[in-house]
Amino acid sequence: MVERIDVYPTHIHEGYKLRPGQTLPFGASIVPGGINFSIFSSHATTCILVLFEKDADKPLVEIPFLEEFRIGNVYSMTVFDIDYENIEYGFRMDGPWDPKNGHRFDKTKVLMDPYAKVIGGRDVWGTNPDWDNVYQHRSRPVLNDFDWEHDKPLELPIEDLVIYEMHVRSFTRHESSKVEATPGTFAGMIEKIPYLKELGVNCVELLPIYEFDEFEDSRRSPITGEMLFQYWGYSTVGFFAPKAGYAATGKYGMQVDEFKNLVKELHANGIEIILDVVFNHTAEGNENGQYVSFRGIDNKIYYMLTPDGYYFNFSGTGNTLNCNHPVVRNMVLDCLRYWAAEYHIDGFRFDLAAILGRDQNGAPLSNPPLLEQLAHDPILAKCKLIAEAWDAGGLYQVGVFPAYGRWAEWNGKYRDALRKFIKGEENLIGEMASRVQGSPDLYATRGPTASINFITAHDGFTLMDLVSYNGKHNEANGWNNTDGANDNDSWNSGWEGDTTDPGIIQLRHRQVKNFATILMVSQGIPMILMGDEVGRSQNGNNNTYCQDNLLNWFDWSLLDKNADLLKFFQKVINFRQTHAVLRSRTHYRHADYVGSGIPDISFHGTQAWQPDWSANNQHTLAFMLSGDHAKGGKVHDDHIYVAINTYWDALSFGLPQLPHGRRWHMAINTSMPTPEDIWQPGSEPLLGDQHTVWVGNRSVIVLVGR
Amino acid sequence: MDVQTKPFADATVVEVSGDVDGSTAPVMQEAIMAVAQPGCRLLIDMSQVGFMSSAGLRVMLILHRTISGGKGNVVLVGLSDDIKDTMSATGFLKFFTTAETLDAGLQALNNG
């Protein structure tokens, strides 16, 4: 083979051999003989590459990008003979200091590469940083040579997913997890994959794992004196790098391999992985914030600024990424492609995604180019794209998020309706009927798979707290209980917080089972919050973003304490996975189009075939699904009948009679104690009375007809 | 870092001592690949290695890929707990057979 001549240097600086680099890809790339560095800035006047030995506080060398190393607004050069494992790099940029016009260049700062694939400086979670170090978040090069063997993204049909929203550190940090690896890490999570499989979830959605700084705005709790961190991680330092502090091997800079190994192991067990990605803002804050990267590289391009040069704050956290600027848009696209291709990520959940549909002045766009581009991108073509379809600037787009036939949404209206209905609020029967059908009122053309159904998520109460507290109790966060949402639609079941009253405890468990059951028999994609399956509590705190302690950590002793809930969740998830009729890609037609004798869905009241939509009925909803219509009639399933009673007394429901000699069997009855609350498929007891069934107070029953 | 190659029963021992990082891994790679011939029976003695970086792990994986598919057998001997944990967390460990001692390694080669 002919030898390439570009492995030979053409320039030299203080003994370092150089040549003009490749403009693309941006970032640091390991090339034959050296490392190629490339970075964009449209307003810098000069750019210097700053190299450090790993962890050193003083630079090893500063190499200016010569004028012939700049093409357009891109500075690139190859530096030869440097050890990729032992080097950290940053940039020093000069340019105007003119905040009124959006420019904040400061050549005294060493800036992290926006495309850094590994970021040092916070290598081990919670280790106090050296604040005197001039370079806090340090870009490092990485080899992309992980041995995936036969792995690839799973591409499970989205309607078959049961999503488990979880926090990597919280999952195994508690000593009760008994993991052999460092607790609270990617490696620790691998050891708990059998638990996830047994639960029956087939997709994990991780709270942010992009590098963030747990010490950002860290402080002591005025109540307990303990350290409060940026714990959840909704404040990105680097979009291309996994959080080092989440890796047992972060101390050796091997978080990339460790995280890829987690993805590979999840896939080998049939579990997809979705990342919660935060493209709406960065960790650099507002006018008074720190220099990490973007503000010193090209402030005016990367951030949405007011006409006076201040930061727009649609994210509620100080700044807003200018994601519909063509250059920033490309960065977002490069980033997602990198995670999809290089990490085999199955999908993305976009935090405060409504921001991604705003123009550079903050106005909502009717045809946002970023969202359209992501929807049509060839590399992301099989990835799940899920929007949190609102932002902190008042834009609420549930049902109207620009979807391009691809985007699903966190259905906030599903959450709100279920919470209100189950606690016993009135005037919800009509809306509930819509929610259990996959919200055709919101997603008429997009189908039920546009709806990510959930009752709880990281923001807000856990499921157990939802049925144990009327109000939030966020004092531990140190803001006098002013933070966190006030409209929780929660009900404490008769006593605020912890109780030993067996009746209240029993009611709470029943309410949890009611929620779980309705969630699993609703069309759309169910998502459950880590720990809800074992009754995890945050003591009424509905905003635990800063708590690195038991308020967030999964206490594995709950598996025994609330074994009835865990068993119920395992079985109710299995119920959903057993019955194809619950997992439809298309909306119900309210007609019998396969000749089964009953329509695909029918609603009923306390009398069969007589749904009561009047104001007289505030507490009951019953519906029947025709198993012959499963998957558009291609699959034959059992018929399913669901009756919900949110009234404080038991009620009898007349049962629709089944065609073709089928008979009703009891699959789920939340008013019964475990193990008679839910039956394994095939073992459901035959109903002695095929004409009426009693549904206990505040209870749900599910029957199968076969 | 130092690498010595010597025979041990009917196998070859590659004895590595010192730290394996980006600067020393190529030396180790050269020594190991020299003996990674078809039909080889290798014991890589790591009991004197305190630290092995990502570059070192990659050399091990290259070795594995070179002789996998029946072209030879390799056992890693005397891994420190720290290296073992690192290899486990990053998925490298499951590509390899490991043993505590050279004798146990020989046994493992015979079973492999």
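Note that this is a predicted model, so its numbers are computed, not measured. Each chain carries its own residue numbering, running from 1 in the written order of its sequence. Each chain takes a letter, starting from A, and each ligand takes a number, starting from 1, following the order in which they are written. Side-chain atom pairs in this predicted model are given and counted only at pLDDT of 80 or more, local residue features only at pLDDT of at least 70, and totals for whole chains, interfaces and linings cover all residues.

Enquirer: So what exactly am I meant to see when it comes to the overall build of chain B here?
Expert: Check the secondary structure of chain B and you find four helices and five strands. Traced from its N-terminal end to its C-terminal end, chain B shows the element sequence β-β-α-β-α-β-α-β-α. Atoms considered for the radius of gyration are the C-alpha atoms alone. The globule rule reads 2.2 Å times the number of residues to the power 0.38. Here the C-alpha atoms of chain B give a radius of gyration of 12 Å, agreeing with the 13 Å that 2.2 N^0.38 yields for 112 residues. Taken along the three principal axes of its C-alpha coordinates, chain B extends 30 × 25 × 25 Å. In chain B, which comprises 112 residues, the share counted as buried stands at 41%. By definition, residues are in contact whenever their C-beta atoms, placed on the basis of the backbone, come within 7 Å of each other. The contacts in chain B between residues at least 6 apart in sequence include a share of 73% that link residues at least 24 apart. Under the scheme used here, helices are H or I runs from DSSP no shorter than 4 residues and strands are E runs no shorter than 2 residues, and both carry numbers assigned from the N terminus. Burial is judged by counting other C-beta atoms within 10 Å of a residue's own C-beta: 20 or more means buried, 12 or fewer means exposed, and anything between counts as partly exposed, with every C-beta placed from the backbone.

Enquirer: Sorry if this is basic, but what is going on with the overall build of chain A here?
Expert: Assigned secondary structure in chain A consists of 13 helices and 32 strands. Each principal axis of the C-alpha atoms in chain A carries an extent, and together these give about 90 × 55 × 50 Å. Looking at chain A as a whole, 54% of its 706 residues are labelled buried. Taking the intrachain contacts of chain A between residues at least 6 apart in sequence as the baseline, contacts between residues at least 24 apart amount to 71%.

Enquirer: Just checking my understanding: could you explain the sheet that holds strand β14 (residues 163-166) of chain A for this structure?
Expert: Paired through their backbone hydrogen bonds, the strands of a sheet run either parallel or antiparallel. The rule for pairing is simple: two strands pair if DSSP sees at least two bridges between them. Taking strand neighbours around the barrel as the criterion, the eight strands line up as β14-β15-β20-β21-β22-β23-β24-β25 (chain A) in a closed arrangement whose pairing is parallel. The mean angle between the axes of side-by-side strands here comes to 25°, regardless of whether they run parallel or antiparallel. To define axes, lines are fitted to C-alpha atoms, for helices over the stretch in contact only, and angles between the resulting N-to-C directions are given on a 0 to 180 degree scale.

Enquirer: So what exactly am I meant to see when it comes to the packing of helix α6 (residues 326-343) of chain A against helix α7 (residues 369-376) of chain A here?
Expert: Angle between the axes and distance between the axes: these two values describe a pair of packed helices. All names here are of chain A. The N-to-C vectors of α6 and α7 enclose an angle of 25°; their axes lie 10 Å apart at closest approach. Relative to α7, α6 is oriented roughly parallel. The way α6 lies across α7 gives a crossing that is right-handed. Facing Arg329, Val332, Leu333 and Leu336 of α6, the residues of α7 in contact are Pro369, Leu370, Gln373 and Leu374. Side-chain classes follow a simple rule in which Ala, Val, Leu, Ile, Met, Phe, Trp, Tyr, Cys and Pro form the nonpolar group, Asp, Glu, Lys and Arg form the charged group, and the remainder, Gly included, forms the polar group. Class assignment of the residues belonging to the contact of α6 with α7 gives a composition of six nonpolar, one polar and one charged. Reported orientations rely on four angle classes, namely roughly parallel under 35 degrees, roughly antiparallel over 145, roughly perpendicular from 65 to 115, and oblique for the rest. Crossings are classed by handedness, with left-handed meaning an anticlockwise turn of the near helix from the far one by less than a right angle and right-handed meaning a clockwise turn.

Enquirer: How should helix α4 (residues 102-111) of chain B be read in this particular structure?
Expert: A turn of α-helix holds 3.6 residues, and therefore any two residues three or four places apart point the same way. Residue and element names in this part refer to chain B. Among all positions of α4, only Gly105, Leu106 and Leu109 are buried. Along the axis of α4, the buried residues cluster in a sector spanning 100°; they form a single face. With respect to the buried face of α4, the exposed residues turned more than 90 degrees away are Asn110 and Asn111. The inward-facing, buried residues of α4 contact β1 (2-8), β2 (11-17), β3 (40-48), β4 (72-77) and β5 (97-99). Here, the arc refers to the directions that run from the helix axis to the C-beta atoms.

Enquirer: For this particular structure, what's the right way to read the confidence of the model for chain B?
Expert: Atomic detail in the predicted coordinates should be set aside for any region of low pLDDT. Residue and element names in this part refer to chain B. Taken residue by residue, chain B gives an average pLDDT of 94. The fraction at 70 or more is 99%. Least confident of the elements in chain B is helix α2 (residues 54-67), whose mean pLDDT is 93; most confident is β2, at 97. Across the interfaces of the predicted complex, the ipTM metric reaches 0.96, alongside a pTM of 0.97. pLDDT: the predictor's confidence for each residue, scored from 0 to 100.

Enquirer: Got a minute to help me understand the domain arrangement of chain A in this structure?
Expert: Accessible area lost during the coming together of the parts is what is often quoted as the interface size. All names here are of chain A. The assigned domain composition of chain A is domain 1 (5-140), domain 2 (158-281 + 319-580) and domain 3 (591-705). Boundaries between domains were set according to an automatic or database domain assignment. The C-alpha centroid of domain 3 is placed 30 Å from the C-alpha centroid of domain 2. Contacts between the two partners involve 27 residues from domain 2, matched on the other side by 30 residues from domain 3. Elements supplying a minimum of two residues to the side of domain 2 that touches domain 3: α8 (412-423), α9 (429-436), α11 (502-521) and α13 (563-578). Class assignment of the residues belonging to the side of domain 2 that touches domain 3 gives a composition of 13 nonpolar, eight polar and six charged.

Enquirer: Teacher, can you tell me more about helix α1 (residues 25-35) of chain B here?
Expert: All names here are of chain B. Those residues of α1 that fall on the buried side of the exposure criterion are Ala25, Met28, Gln29 and Ile32. Seen from one end, α1 has its buried residues packed into an arc of 100°, which puts them on one side. Set apart from the buried face of α1 by more than 90 degrees, the exposed residues are Pro26, Glu30 and Ala34. If you follow the buried residues of α1, they end up packed against β1, β2, β3 and α2.

Enquirer: So what exactly am I meant to see when it comes to the pairing of strand β20 (residues 272-277) of chain A here?
Expert: Two faces, one strand: in a regular strand the side chains alternate between the faces of the sheet. Residue and element names in this part refer to chain A. Most of β20 sits inside the fold, with six of its six residues counted as buried. Residues Glu272, Ile274 and Asp276 of β20 are buried on one face, and the alternating residues Ile273, Leu275 and Val277, pointing to the opposite face, are buried as well. Where strand β15 (residues 203-206) meets β20, four bridges bridge the pair, whose relative direction is parallel. The residue bridging Cys203 from the neighbouring strand is Glu272, located in β20.

Enquirer: Would you mind going over the sheet that holds β3 of chain B with me for this structure?
Expert: Residues and elements named next belong to chain B. With mixed pairing, five strands are arranged side by side in an open sheet as β1-β2-β3-β4-β5. Of all the strands in the sheet, the pair left with one neighbour each is β1 and β5. Adjacent strand axes in the sheet meet at a mean angle of 25° when their direction is disregarded. Summarising the sheet, β1 and β2 pair through seven bridges and their orientation is antiparallel. Residue Lys6 lies in a different strand from β2, and its bridge partner there is Val13. Packing of α4 onto the sheet brings it into contact with β1, β2, β3, β4 and β5, and relative to β4 it is tilted by some 155°.

Enquirer: What exactly am I supposed to notice about the nonpolar core here?
Expert: Definition of nonpolar core: a set of buried Ala, Val, Leu, Ile, Met, Phe, Trp, Tyr and Cys residues joined via C-beta atoms within 7 Å. Ranked by internal contacts, the top residues of the largest apolar core, which has 203 residues, are Val204 and Val642 of chain A. Setting aside anything within four residues of it in sequence, one finds Val642 of chain A in contact with Val521, Ala622, Phe623, Val700 and Val702 of chain A. Of all hydrophobic cores here, the second largest spans 30 residues; its members include Met28, Leu57, Ile83 and Phe92 of chain B.

Enquirer: Please clarify how unusual backbone geometry should be interpreted in this entry.
Expert: Trans peptide bonds make up most of the peptide bonds, and negative phi angles are found at most residues other than glycine. All names here are of chain A. Here the residue pair Leu24 and Pro25 is connected by a cis peptide bond, since its omega of 0° sits within 30 degrees of zero. Residue position: Pro25 is located in the loop between β2 (16-20) and β3 (27-31). Following Thr674, the chain continues to Pro675 via a peptide bond in cis, the omega torsion being 5°. A positive phi angle, close to 60°, is found at Asp81, a residue other than glycine. In this model, Asp217 sits at a positive phi of 55°, which is unusual for a non-glycine residue. Following the sequence through the fold, Asp217 ends up in the loop between β16 (210-212) and β17 (219-220).

Enquirer: Honestly, the pairing of strand β4 (residues 34-40) of chain A in this entry has me stumped. Any pointers?
Expert: Residue and element names in this part refer to chain A. The element β4 is largely enclosed, with a buried count of seven among its seven residues. Bridge count between β3 and β4: five bridges; the pairing is antiparallel. Across the sheet, Val31 pairs through a bridge with Gly34, a residue of β4. As consecutive antiparallel partners, β3 and β4 are separated by two residues, and within that stretch Gly33 has a phi angle of approximately 90°, a positive value. When β4 meets strand β8 (residues 74-80), the two strands line up antiparallel, connected through seven bridges. Its bridge partner lying in β8, Ser38 is registered against Ser76.

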